[in-house]
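# Analysis of the macromolecular model
Each chain is listed here by its residues.
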Amino acid sequence: MEVHALRIFVATRREAVPAECARFLSVDGSVPGAVTAWDHHVTGERINLDAMPDLVDASAYDGVGTTLADADAVASVVAVLRGGKARLPPAVRATLECASHWCDHLAPHPAHDAASNRLGRGLNDALGARFAAVPRERISAAFEAVCRALEADIVAGRPLPFEDHEAEQHALAARLVAQGRLRLIGRVALVDLVGFPGVDPAACYALHECPVAVAVDSHPVGGWKYTVGVNPRVADAPRDLGPALRALARAEHAHGSPARGPEPLPGQENWGGRATVFGSPWNYASRLEPEEVVATVARAMGWG
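About the criteria used
- Residues numbered from 1 in each chain as written.
- Predicted model: local features only at pLDDT ≥ 70, side-chain atom pairs only at ≥ 80, totals over all residues.
- Heavy atoms only, no water.
- Helix = DSSP H or I, 4+ residues; strand = E, 2+ residues; numbered from the N terminus.
- Contact = heavy atoms within 4.5 Å.
- Polar contact = N/O pair within 3.5 Å; in protein donor to acceptor, adjacent residues only side chain to side chain.
- Pairing = 2+ DSSP bridges.

### Points about unusual backbone geometry
With an omega of 10°, the peptide bond between Ser257 and Pro258 qualifies as cis. Despite not being glycine, Asp28 has its phi angle at roughly 50°, a positive value. Within the secondary structure layout, Asp28 lies in the loop between strand 2 (24-27) and strand 3 (36-38). Positive phi, normally seen in glycine, also occurs at Leu106, with a value near 60°. Within the secondary structure, Leu106 sits in the loop between helix 3 (90-105) and helix 4 (114-132).

What follows is the structure, encoded as structure tokens:
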């Protein structure tokens, strides 16, 4: 199959995969049913491009999907479309790697210079703004359009998208404090995002000195969804939240179905993520209360 004919999509359930995709790739997440998955959340690389081979032959596949539309996923799909990251122009590859690092670690990529990191941050801001403006039911179409447009820019040699939303994001985050949505509970910050506009996590971390934050928001089906992450601004923050992730997965599984197992692994319909950031299940609301999540994180990290 020609690479340009690949379906590009976002899905966290097998039934959400386009019907015409019988053999598909998954990047930056493990879409159920994928024949091949390059998922740095599972294999531990810094960004998802690091988890992918230099060259990619997608001719035997009919689609490429991800579980979340963001800059890291876009960079991975574009690498597939171009035949692998080794076939990207060096400056473009550097920008994509920096955008992925800003997306996942909220900080400059240590292997690239300031100019590349500036372009990467601008690309991450631009992509983040585009996805934030799209209703959930249209995110797959928007993700495909963004990936196709970025590949076209690369082929044509045009500058990649660049936006700077840092100042407005910090102003938006300040409203969290003004509205009493930030609680500091020992070494864990609890951030209430329910009904609040989408805000850059980096701007939220700048509001406090806690090494870890728990952000709680509304799940699309009702109830809670959580993101737990390391504060990149705190020098002694933990490097691995694995104990907290595993403890929360066990606590979720104790509530029964739809959790399939007590481990935070693909296919278990449970919590999942990587060393410095993770979240509650994709496809249903967590049964854990916000204070319970904070307490579980604190105990697991030895702060309780």
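### Comments concerning the environment of Glu269
Residue position: Glu269 is located in the loop between helix 8 (242-253) and strand 9 (272-273). Separated by 14 residues in sequence, Glu269 and Asn283 place their C-alpha atoms 7.3 Å apart. The residues contacting Glu269, other than those within four sequence positions of it, are Pro258, Ala259, Arg260, Pro281, Asn283 and Tyr284. Among the polar contacts listed, one links the side chain of Glu269 to the side chain of Asn283, at a separation of 3.1 Å.

### Some thoughts on the sheet that holds strand 10 (residues 277-279)
What links the strands of a sheet is backbone hydrogen bonding, and the strands pair in either a parallel or an antiparallel sense. Spatially, the six strands line up as an open sheet ordered 5-6-7-8-10-9, and their pairing is mixed. One side of each edge strand has no neighbouring strand; the edge strands of this open sheet are strand 5 (182-185) and strand 9. The pairing of strand 9 with strand 10 spans two bridges and is antiparallel. Each bridged residue has a counterpart across the sheet, and for Gly272 the counterpart in strand 10 is Gly279.

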